[in-house]
Amino acid sequence: MIYFDSAATTKPYKEVLETFNKLNDELFANPASSHLFGSKANTYLEKARNQISSLLGLNDRFNLYFTSGATESNNQAILGYCRRHKKEGNKVITSSLEHPSVTNAFKELEKEGFEVIYLNSSKEGTISLNELENALDNKTIFVSVMGVNNEVGSIFPYREIYKLVHSKSKAVFMSDLTQMIGKEKVDFNYIDMFSMSSHKVGGLKSLGLLGVVKGINIDQIIYGGEQEGGFRPGTVNMPLACSLATALRINLSSLDERRKRAKEINDYLRSKLDNNPLFEIASPIGGTPFILNIILKHTKASVLVEALSKREVYVSTRSACSSHSEGGSSVILNMGYSEFDSKNAIRMSFNGLEQKGVEQEFIKIFFEEIGKIKSI
Ligand code: PMP
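Report follows, based on the coordinates.

The rules behind the values
Residues numbered from 1 in each chain as written. Predicted model: local features only at pLDDT ≥ 70, side-chain atom pairs only at ≥ 80, totals over all residues. Heavy atoms only, no water. Pairing = 2+ DSSP bridges. Helix = DSSP H or I, 4+ residues; strand = E, 2+ residues; numbered from the N terminus. Axes fitted to C-alpha atoms, helices over the stretch in contact; angles between N-to-C directions. Contact = heavy atoms within 4.5 Å. Phe/Tyr/Trp six-rings, centres within 6.5 Å; stacked < 30°, edge-to-face > 60°. Buried < 20%, exposed > 50% of the residue type's maximum accessible area, 1.4 Å probe, protein only. Arc of directions from axis to C-beta.

## Some thoughts on the sheet that holds strand β8 (residues 208-213)
Part 1 of the reasoning: Here we have seven strands laid out as an open sheet, ordered β2-β8-β7-β6-β5-β3-β4, and mixed in their pairing. Both outer strands of the open sheet, β2 (62-67) and β4 (115-119), are each paired with one neighbouring strand and no more. The average angle at which neighbouring strand axes cross in this sheet is 15°, direction not considered.
Part 2 of the reasoning: Two elements, strand β7 (residues 193-197) and β8, share five bridges in a ladder whose sense is antiparallel. What sits directly across from Met193, in β8, is Val212.
Part 3 of the reasoning: Packed onto the sheet, helix α3 (residues 70-84) meets β2, β3 (91-95), β5 (140-144), β6 (172-176), β7 and β8 and runs at close to 160° relative to β7.
Part 4 of the reasoning: Where helix α4 (residues 100-111) meets the sheet, its contacts fall on β3, β4, β5 and β6, and the angle it forms with β4 comes to roughly 150°.

Encoded structure:
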C-alpha cells in the first residue's frame, strides 16, 4: 500500500496504542471519582495536560481543554468567544480558506446577527495582510485564521496577523492549528486561542485540544457536570489524553527529520509533475512540504483516485471532511481557479515516515493509471 493521505489522518504510533491499552487496562477509573483509584487517574490526566503544554512550548500561558476533536475545539472557540463578547462589537473576521468546522461556525454566527468578513485568498492560498488591516476596526472582536491549509498546505503569516489584530483592534486571534502542529514549528506567543487534533499527529481519533490564553473568557457550548472545571463537561478519557502526550513526544522530536523526508518526496513529485500540460500544481512554493495539491487539467480526479485506490495507492480529491458533498473544493475555487479545476484537484499528503523509494513507485503507478483514463 502507498498511503499519501496523512492530512486526512495519520497512522497512530505503536507507543500511542501501548500507552492507551496499558492505562485502559490498569487505570480505567473515572478521573472524576472521589476514591483513590479515581484520584490516581486524575493525577495521570493532569500529568498529560502538563506534558502536552510543555511539549508544545506553551509556557504556562494557556488553559488547555480536552475535547472530542478539532471540530469541537473550533466550534467552542468561535461560538464561545463571540457569544460572550457580543456586546463589545459584532464584527468578526476569518479567511475564505478555512475548514468547514470554522466556516460553518461563522455561518451560525451570521444567523445570530454578527457581521462576518471572509478575507479573500491570494493565488498562493493565504490572505492579504492589507485586506486584514483594512477590515479591522473598533467593532471587531474576533479574528480566526488557520495556520496551515489542509488542502494545499499554504502557511499563513500568523505572527503578522497577531501583531495587526492587536495593534488595530481589541480583538483576539484564534488559529486552527490542526494541520500546522506536527508539520511546522509554532511560536505560541503570537496566538490567543488555538485548536488541534490528535489523529493528525500520530495520535488517536476523537481527541482534540482547545488552548485559550489565561484571562480570556469564553462561554461554554456544552452543559453538564464539573469536568474540565465545568467548562467542558463529560467524563474525560484519561488514557486517550495520555496517548496524545506520547504521540506529541514522538511526533515533535522527529519533526526536522520527518520534514526533510516529506520535502524529498514533495520535491520529487513536483519535479515529475511540473511543466506538464496535464497538471497544474496548486500548492504554493514555500508551503509545508507535507502537502502537495495538483490540479488535473484533462482528467477527472474522482476517476483517477478510484483507479489508484484499486492498486492500494491512497490520495484524496479534497479534504476528507467534505469529500462526499457535491461540487468542487471551495479552497481551490477561492484561490482563483475555475469550477472545473476545483473538482479535479488531488491532494497527496505525507507524514515524513514513508519508506525509501515509495515516491518513485507512486509516480510509476500514477502515470500508468492516468494513461488508461480517457482525457476530458
Ligand atoms: N481543521 C482542519 C484544518 C482539519 O484539517 C481538520 C481535519 N480534517 C479539522 C479541523 C477537524 O479535525 P477533527 O477530525 O479532529 O474534528
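Moving on from the model shown.
## Structural notes on the packing of aromatic side chains
The relative placement of two aromatic rings is captured by the distance of their centres and the angle of their planes.
Part 1 of the reasoning: For the structure shown, the criterion picks out 14 aromatic pairs.
Part 2 of the reasoning: Measuring from centroid to centroid gives 5.2 Å for Phe28 and Phe37, while their planes differ by 90°, and the two rings are edge-to-face.
Part 3 of the reasoning: Judged by relative accessible area, which is 58%, Phe28 ranks as exposed.
Part 4 of the reasoning: Ring plane angle 45° and centroid distance 6.2 Å describe the contact between Phe106 and Phe142, whose orientation is recorded as tilted. Residue Phe106 is found in helix α4, and its partner Phe142 is found in strand β5; the two are separated by 36 residues along the sequence.
Part 5 of the reasoning: Given the relative accessible area of 0%, Phe106 is considered buried.

## Some words on helix α9 (residues 301-310)
Note that an α-helix has 3.6 residues per turn; residues three or four places apart therefore point the same way.
Part 1 of the reasoning: Along α9, the residues that are buried comprise Ala301, Leu304, Val305, Ala307 and Leu308. The buried side chains of α9 occupy one side of the element, clustering within an arc of 165° when seen end-on.
Part 2 of the reasoning: Where α9 is buried, its residues meet β10 (291-296), β11 (313-314), α11 (339-343), β12 (345-349) and α12 (358-372).
Part 3 of the reasoning: Residue Glu312 follows α9 closely and has a positive phi angle near 60°.

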